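A closer look at the structure
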Amino acid sequence: MYHFNFTPVFRKFPEILSGALLTLIISSLAILLGFAVGVVCALLRTNGPKPLRTLVSIYVEAVRNTPFLVQLFIVYFALPTIGIRLTAVEAGILAMVANLGAYAAEIVRAGIEAVHRLQIEAGAALGMSRLQILRHVVLPPAIEAVYPSLTSQFILMMLASSLLSAISVNELTGVAQLLTSLTFRSFEIYFTIGVLYIVLTLLLKAAFQVIGFASFKRWRRLGGANLVFAPVQRFRRMLESARNA
Amino acid sequence: MFGQFGWHAITLLLIAARWTVLLSVLAFALGGLAGFAVALVRTSRSPVSRTITAAYIEIVQGTPVLILLFLAYFGVALIGIDVPPLLAASIALTVFSSAYLGEIWRGCIDAIPRAQWEASESLGMTRWQQLRHIILPQAFRISLPPTVGFLVQLIKNTSVASLISLVELTREGQLIANANFRPLPTYVAVALIYFVLCFPLSKYSQSLERRLHVGRQS
Amino acid sequence: MSVVRAESVSKRFGELIVLSDVSFDVPKGRVTVIIGRSGSGKSTMLRCINGLEEINGGTLEVLGHNLPLPPRELRALRVEVGMVFQSYNLFPHMTVEENVMIAPRIVKGAGRAEAREVAHHVLDQVGLGDKRDAMPDQLSGGQQQRVAIARSLAMQPQLMLFDEVTSALDPELTGEVLRVIGSLAREGMTMVLVTHEMGFAKNVATEVLFMHNGRIWESGPPDTLFSSPETPELQQFLNAGELRE
């Protein structure tokens, strides 16, 4: 009978935490850059000249219909043969940005297309330039509308960063693989890692809630009828009614 | 460019691709059955059942596929048997599919207006009759686009099984690239084969989605 | 014997009191019309009669059964009590004929031929015999509502409940629906209606209940109620023109 032994795991916790930190740093960078790429591509797709639109479509379809792992291998192993040599971390981030950019492009594009034509016409009637209309009238509501899908995709990308272990990056999964070869407590280690990823997911979700609150005035007006804060409010209200009963 | 990478390599890749297809179909079918059960329990009237399935979905969706794979691989090894990678990959991807499909189908059931529940309830139907005759037929129709979309995700995720040495398409690509030192054409070929598998399904999902909305506007 | 007997019925939604001390009686073969402002509790009262909402206090007896009932008895009661909704709620994936046939088949266990015969009969009754194979989205609002009435009639209920069934319809289409309901009344069907149609109420109702703030504020035969309202609230309601002539 196998005996579960988590002690070696706890002894190595500092290493595990540093792996988690690297995951967070890499993911945050990839999310920021990927989001920027996505917005630019979405704008090109909806407002750009035809050849650029086609180029973006090809990029998006190519990325979305091939596995991230293969994209990662191409960036890390294949690019050097045409002179582009990157470190594992650089390659990982580049692949993540390219991947996330394509998904974000589609999501933001849907948001942009959902902005009512009348809004754009109102902006034009007020004398705004095309760029001003995009920046003030189109993008903010577009991003607010697709914020849930967008943040879901960001979290998926953070989870996909686990594949960077395949090119020897010592993010969370990479550290885990190292530790299993040291301690042979494979199941316990991966179980702990799994729990940590769930914690990271919850952390990111909370962070996105806060960012949303800070960015979208409508959220503030609706008084936090949103995921993270609602349970807290409900709990507080329950305490109050219990106290007043 | 295709010097030491030739038709022989491409044939090897295509042969390996059948494991990709097999794994996808297996995980989709088994995960689909499990996912259907998950969706039904997730929408049941018991808050306990709903919470348990919600937690299951959150946990699986909050874990990277690679970790699910390692857990299946090392978890099964705990029983002491030698784990064939295909078994571990099937288990991991079935669990993965059950959570994602369960959530998708739960969303489709929730999308059916409460009025449909009330009308059928007022005619005296039991909950099972409501589901079987009124709710599920409608939910099925709207579930097609995201379900086909998920299948694409699944096919791509089978590539992760390469990391536990299942010789499917990606692993075969690795082996070939390590042998011929031509990673660029090799991995591009791998990507192309995935593209050929996934792109038609993606387009199909989009056309299903369009047809759904055209029907609604009449 | 009364078909519906309510005595001091009360109902709360959380902190909000929706019904309080509601008492009335609907004898067999009579038509009771409930009028009132939105929020007066009239729809809730109706929904309590077929168990879509549960009462919190008082007695509510429908066809001899005391609500609330356990699920099996409630279903049996619903076979005898037909309900037609404001938004028709037809099943969009079935033809008109299938919509009408489904409940007799799966709830009452009727055979296909028998159910079809009943369906044809009730569809003729509501004047839509020729629309048997149409899909709901091919019909006008008035036609859909008449199918909804036929669907309830196919169960051969002893009591029919109508919840603002013409409020969502264009004025031209309400006539066809009211005619059907009127003929049902003349054939002796016991009914409770929530409606804004004053002319209809005057012609068909045996008793009118005016609800205000969750209570029955005034009740009586339509002629006296509409021409000589006793309370200022009813006077205000009648003058506000919420009722259609």
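The paragraphs below set out a description of the structure included in this document. (Residues numbered from 1 in each chain as written. Chains lettered and ligands numbered in written order. Predicted model: local features only at pLDDT ≥ 70, side-chain atom pairs only at ≥ 80, totals over all residues.)

On a plain count of helices and strands, chain A comes out with eleven helices and zero strands. For chain A, the sequential pattern of α-helices and β-strands runs α-α-α-α-α-α-α-α-α-α-α. Out of the 245 residues in chain A, the part that is buried amounts to 39%. Summarising the internal contacts of chain A: among those between residues at least 6 apart in sequence, 72% fall at separations of at least 24. (Helix = DSSP H or I, 4+ residues; strand = E, 2+ residues; numbered from the N terminus. Buried ≥ 20, exposed ≤ 12 C-beta atoms within 10 Å, placed from the backbone. Contact = placed C-beta atoms within 7 Å.)

Moving on, we come to the nonpolar core. Across soluble globular proteins, you tend to see nonpolar side chains buried next to one another. Formed by 122 residues in total, the largest nonpolar core has its most connected members in Leu72 and Val108 of chain A together with Leu69 and Ala92 of chain B. Per-element accounting of this core gives the leading share, 14 residues, to helix H5 (residues 88–114) of chain A. Within the second largest apolar cluster, 79 residues are counted, among which are Val26, Ile49, Leu60 and Val192 of chain C. (Core = buried A, V, L, I, M, F, W, Y, C linked by C-beta atoms within 7 Å.)

If you look at the interface, chain B gives 15 residues, while chain C gives 18 residues. Those elements that place two or more of their residues in the side of chain B that touches chain C are helix H5 (114–122) and helix H6 (127–157) of chain B. Across the side of chain B that touches chain C, the residue classes break down as six nonpolar, eight polar and one charged. (Nonpolar A, V, L, I, M, F, W, Y, C, P; charged D, E, K, R; others polar.)

Attention now goes to the packing of helix H2 (residues 13–47) of chain A against helix H8 (residues 172–183) of chain A. Residue and element names in this part refer to chain A. As a packed pair, H2 and H8 sit with axes 7 Å apart at the nearest point and diverge in direction by 155°. Taken together, H2 and H8 sit at an angle that is classed as roughly antiparallel. Taken together, the residues of H8 that come into contact with H2 (itself represented by Glu15, Ile16, Gly19, Ala20 and Thr23) are Leu172, Gly174, Val175 and Leu179. Residues that form the contact of H2 with H8 fall into these classes: five nonpolar, three polar and one charged. (Axes fitted to C-alpha atoms, helices over the stretch in contact; angles between N-to-C directions. Parallel < 35°, antiparallel > 145°, perpendicular 65-115°, else oblique.)

What follows concerns the pairing of strand E1 (residues 2–13) of chain C. Residue and element names in this part refer to chain C. For E1 and strand E2 (residues 16–27), the ladder comprises eight bridges, and the chain directions are antiparallel. Its bridge partner being in E2, Arg12 is matched across the sheet by Ile17. Hairpin connection between E1 and E2: a loop of two residues separates the two successive antiparallel strands, and Gly14 in this loop has a positive phi of roughly 65°. Pairing analysis gives five bridges linking E1 to strand E4 (residues 57–62), with the strands arranged antiparallel. By the bridge assignment, Ala6 is partnered in E4 with Leu60. (Pairing = 2+ DSSP bridges.)

On to the sheet that holds strand E7 (residues 159–163) of chain C. Residues and elements named next belong to chain C. Pairing within the open sheet is mixed, and its six strands lie in the order E6-E7-E8-E3-E9-E10. One side of each edge strand has no neighbouring strand; the edge strands of this open sheet are strand E6 (81–84) and strand E10 (215–220). Recorded for the sheet is a direction-independent mean angle of 20° between the axes of neighbouring strands. Looking at chain direction, strand E3 (residues 31–36) and strand E8 (residues 190–194) are connected through four bridges and run parallel. Bridging across to E8, Thr32 finds its partner in Val192. Relative to E8, helix H1 (residues 42–49) is tilted by about 150°, and along the sheet it contacts E3, E6, E7, E8 and strand E9 (207–212).

The subject of this paragraph is the interface of chain B and chain A. Taken together, the contact between chain B and chain A spans 30 residues of the former and 30 residues of the latter. Contributions of two or more residues to the side of chain B that touches chain A are made by helix H3 (65–77), H6, helix H7 (169–180) and helix H8 (183–217) of chain B. With eleven residues, the top contributor of residues to the side of chain B that touches chain A is H8 of chain B. Here the side of chain B that touches chain A is composed, by residue class, of 22 nonpolar, seven polar and one charged.

To continue, consider the arrangement of the chains. Among the two pairs of chains in contact, the pair with the most contacts is chains A and B. Contact between chain A and chain C is absent, and the minimum C-alpha spacing across the pair is 11 Å.

A word on the pairing of E9 of chain C. Residues and elements named next belong to chain C. Within E9, six of the six residues are buried, which leaves it mostly tucked inside the rest of the structure. Both faces of E9 are covered, namely the face carrying Glu207, Leu209 and Met211 and the face carrying Val208, Phe210 and His212. Strand direction decides the pairing type here: E3 and E9, joined by five bridges, are parallel. The partner of Ile35 across the bridge, within E9, is Phe210. Examined bridge by bridge, E9 and E10 share five bridges and lie antiparallel to one another. Its bridge partner being in E10, Phe210 is matched across the sheet by Glu218.

Quick look at helix H4 (residues 85–111) of chain B now. Between the first and last C-alpha of H4 of chain B there are 39 Å, a value that for 27 residues agrees with the 39 Å anticipated at 1.5 Å per step. Burial analysis of H4 of chain B places 20 of its 27 residues in the buried class, the great majority of the element. (Expected span 1.5 Å × (residues − 1).)

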